[in-house]
Amino acid sequence: MEEERIKVLSFPSDSPPLSIIAAAKIAGIALPTQTSTSGSLTLSLSNGLELHGNYVILRYIGRVAAVRNFYGDDAFHAAQIDEWLEYAPTLLLGSEFENACSYMDVYMEKRTFFVSHSFSIADIAIWSGLAGAGQRWESLRKSSKYPNLVRWYNSVSAEYSDALNEVTALYVGKKGLGKQVAAKPKEQKSADGNSSDKVNLGSRPSSEIDLPCAELGKVRLRFAPEPSGYLHIGHSKAALLNQYFVQRYQGEVILRFDDTNPTKESNEFVENLIKDVETLGIKYQMITYTSDYFPKLMDMAEKLIKEGKAYVDDTPREQMQKERMDGIESKCRSNSVEENLKLWKEMIAGSERGLQCCLRGKLDMQDPNKSLRDPVYYRCNPVPHHRIGAKYKLYPTYDFACPFVDAEEGITHALRSSEYHDRNAQYYRIQEDMGMRKVHIYEFSRLNMVYTLLSKRKLLWFVQMGKVDGWDDPRFPTVQGIVRRGLKIEALIQFILEQGASKNLNLMEWDKLWTINKKIIDPVCPRHTAVIEERKVLLTLTDGPDEPFVRIIPRHKKYDGAGEKATTYTKRIWIDYADAEYISVNEEVTLMDWGNAIVKEIIKDQDGNITQLVGVLHLQGSVKTTKLKLTWLAETSELVNLSLVEFDYLITKKKLEEGEDFLDALNPCTKKETAAIGDSNIRNLKQGEILQLERKGYFRCDVPFVRPSKPVVLIAIPDGRQQSLLK
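All of these numbers come straight from a predicted model, not from anything done at the bench.

(A) Region of the structure containing the overall build of the protein chain. When you go through the protein chain residue by residue, the secondary structure sums to 20 helices and 33 strands. A principal-axis box enclosing the C-alpha atoms of the protein chain has dimensions of 100 × 75 × 45 Å. Per-residue burial for the protein chain yields a buried fraction of 52% across its 727 residues. Counting contacts in the protein chain only where the partners sit at least 6 residues apart, residues at least 24 apart contribute 69% of the total.

(B) Broad picture of the pattern of salt bridges. Taken as a whole, this structure holds 35 salt bridges when the rule is applied. Close ionic contact of K303 with E307 constitutes a salt bridge, the shortest N to O distance being 3.1 Å. For K303, a relative accessible area of 33% puts it in the partly exposed group. Among the ionic pairs, R333 bridges to D374, the shortest N-O distance being 2.7 Å. With R333 in the loop between α12 (317-326) and α13 (337-349) and D374 in the loop between β11 (358-361) and β12 (376-380), this pair connects stretches of sequence that are 41 residues apart. Of the two residues examined, R333 and D374, each falls in the buried class. A network of salt bridges, in which partner residues are shared, links R222, R256, D406 and E409.

(C) Representation of the side chain of D258 in the model. With respect to the element layout, D258 can be found in the loop between β8 (252-257) and α10 (267-279). For the buried D258, no salt bridge exists, and the shortest N-O distance to an oppositely charged side chain is 6.4 Å, to R256. In this structure D258 touches A224, P225, E226, P227, E265, T290 and Y398, once residues within four positions along its chain are discounted.

(D) The arrangement of the side chain of R360 in detail. Along the chain, R360 turns up in strand β11. Since its relative accessible area comes to 1%, R360 is described here as buried. Separated by 2.8 Å, the side chains of R360 and D313 make a polar contact.

(E) Structural context of the sheet that holds strand β23 (residues 572-575). The seven strands are arranged β27-β24-β25-β26-β20-β23-β28 in an open sheet whose pairing can be described as mixed. Bordering the open sheet on either side are β27 (629-630) and β28 (633-634), each of which pairs with just one other strand. Here four bridges tie strand β20 (residues 537-541) to β23, and the two strands are oriented antiparallel to one another. By the bridge assignment, L538 is partnered in β23 with W574.

(F) Seen up close, the environment of E694. Its place among the elements puts E694 in the loop between β31 (690-693) and β32 (697-703). Overall, the relative accessible area of 13% leaves E694 in the buried class. It is 9.8 Å that separates the C-alpha atoms of E694 and V531, two residues lying 163 residues apart in sequence. Leave out the neighbours within four places in its chain, and E694 touches R527, H528, T529, M592 and T631.

(G) View of unusual backbone geometry. Its identity as a non-glycine residue notwithstanding, Y451 has a phi of 55 degrees, on the positive side. Summarising the element assignment, Y451 is placed in the loop between β16 (448-449) and α16 (456-464). Assessed through its relative accessible area of 24%, Y451 is described here as partly exposed.

(H) The arrangement of the confidence of the model for the protein chain in detail. Considering every residue of the protein chain, the mean pLDDT works out to 88; 91% of them sit at 70 or more. This stretch, residues 174-207, has a pLDDT under 50; its non-local contacts, to residues over four places away or in other chains, come to 69 contacts.

(I) Spotlight on the pairing of strand β22 (residues 564-569). Side chains K565, T567 and Y569 project from β22 onto a buried face, and the interleaved E564, A566 and T568 project onto a face without burial. Of the strand pairs in this sheet, strand β21 (residues 549-554) and β22 are connected by six bridges, and their pairing is antiparallel. Bridge assignment links P554 to a residue of β22, and that residue is E564.

(J) Expanded view of the packing of helix α11 (residues 294-306) against helix α14 (residues 398-408). Remark: α11 packs on α14, axes separated minimally by 11 Å, with the N-to-C direction vectors making an angle of 115 degrees. As summarised for this structure, α11 and α14 are arranged roughly perpendicular, according to the angle between their axes. The handedness of the crossing between α11 and α14 is right-handed. Of the residues in α14, those touching α11 at K296, L297, M300, A301 and L304 are F400, A401, F404 and E408. The residue inventory of the contact of α11 with α14, partitioned by class, reads seven nonpolar, no polar and two charged.

(K) Expanded view of the environment of D162. Its place among the elements puts D162 in helix α8 (residues 161-171). Spatially, the C-alpha atoms of D162 and K25 are 9.0 Å apart, while their sequence positions differ by 137 residues.

Reading the values: the criteria
Residues numbered from 1 in each chain as written. Predicted model: local features only at pLDDT ≥ 70, side-chain atom pairs only at ≥ 80, totals over all residues. Heavy atoms only, no water. Helix = DSSP H or I, 4+ residues; strand = E, 2+ residues; numbered from the N terminus. Buried < 20%, exposed > 50% of the residue type's maximum accessible area, 1.4 Å probe, protein only. Contact = heavy atoms within 4.5 Å. Salt bridge = Lys/Arg side-chain N within 4 Å of Asp/Glu carboxyl O. Lys, Arg positive; Asp, Glu negative; His and termini not counted. Polar contact = N/O pair within 3.5 Å; in protein donor to acceptor, adjacent residues only side chain to side chain. Pairing = 2+ DSSP bridges. pLDDT = per-residue confidence, 0-100. Axes fitted to C-alpha atoms, helices over the stretch in contact; angles between N-to-C directions. Parallel < 35°, antiparallel > 145°, perpendicular 65-115°, else oblique. Left-handed = near helix turned anticlockwise from the far one by under 90°. Nonpolar A, V, L, I, M, F, W, Y, C, P; charged D, E, K, R; others polar.

See the structure below:
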């Protein structure tokens, strides 16, 4: 400590690092502080060296402190502490706050500390994150919502009260800390003009978002997909934002199927949408269907006809579209109520005359906002409905049904993507004409991904043309597709909630999503070994074991929960041809999980291709001195046949321009299968299990072991860095 005595901790005045200051106080380490004009967090040492970054400095404090097990009592516990340090800044702010509290509450049910049996810097990091949340945490702390987390927090606060009280008194409440929830919500006017207490979150992280005129405990939302396809990543944003607001305002969300177009819809889609919503962890209050309201919608349509607010129009569709664009009133707009009711009955009957007609709202044909130019409310469609059969010959449009059902179901806020912005005025006007309660619209930007089609019509084309295996194909952006490709739902939730309810139209990169996924799977997924079948090379170790022997080793060196695996050692082993090409005669290489060997001879065929290698073991050699670390498999009959499957984007353009045909941008090669052999333990994999093949990447088991002649199918999981795992 003499050589590297702490000189000063510098930090921005509005962002004091609570965890570092608290750790130093508890450890009794003198920590002079000063505010920084550069805006950076720096620990300066007396020998001129510097450390930067919150958790880098916290780890340093943990190492130099004279507190037992402050940074773990062994390498494994230190690694566990690192996991919690990575978790704290990501999940204790913004939209993930209550999700994190819920997760930690379950985790702490039977624990005294976050890691092992000792108080550590992991506890300090989490404690500081909660203390720094100020009133937002204090309000939860006083409730009975997270008893285990509160028990732990109170225990830490009491045990180290002198140090922690001093820290909170000095630093909590600075700008950026302790202002997540205003202590006294201001009185505001509700939609009906009455005063009510509103949630007022005051100053908070930029990722935090508010609903207008939202009352705590009175928010009711709906997630309303059309059952014309499976849930995709774009829908997921809407679903998860509904969930976020419901949790934040202690409200409820309804799952409603907007089933007004029997031509496109089916029970298969309904069943899979329910499955997908539950996969996302959406806690809905009930399931409803727009078709439940068909009788009431029919009554409302007839009411509007009688009030002169709607009329039946037999103008051909293309002509009607042109007239709407040009602001030309239909010849039918001046029809009498009697004439409209007569034609309305023809529509209900689905007669030849009725099939020529549609029902339109009488709004304003000269309005600059074209959505208000007499939109269509009902169209005839003789196709039977998937739920109610052939009872109806006409169906309401989304524009008519949505504002009615939202108001009828008591929805307080309708979340809609910003692509509907121009139709918001129409939504409000229709509710006004109906004489129904106003529902607040909250807009967010549609989630668009590079090289990705989200149109259900276009996705359906791939299914119908046999270009993919189905709606759960790993090339599809559907929830089932990306999960099958190896994405963890936790990664999807984190990715989407990081975007918040931004109204900016962003084209997002898949790499960011897969990078988040890697951080989740890497610490826990088991490691296995595979060798590419094509041109695999046999390495004979002349002094290797005459009789094969087996060792039991961990499936993950840093995570005991991954279990163990059996590794066979023999004098004849397989290695990848790509590795063999890099080896020189007399070169020392490392055989992973075994030790070093020296390659004495390289045997090639007449075309110069390597066919065999001969070498000797050199187990006393240092793995630090070798250039090549090789994966290998013992030549035994227990090896498992594998098919490693890699997928690419379905289209070759990052973004299709408006009017551009996706068929012109189809990727001719989107799937690659590579034969390989894997270690015998792979026969125990279950479908859906995620693993890492050493030096080849992450994979998800799609088809587990059935019999030796049928290969185990492993789907390559992108890691956010590599364009291709196997090329």
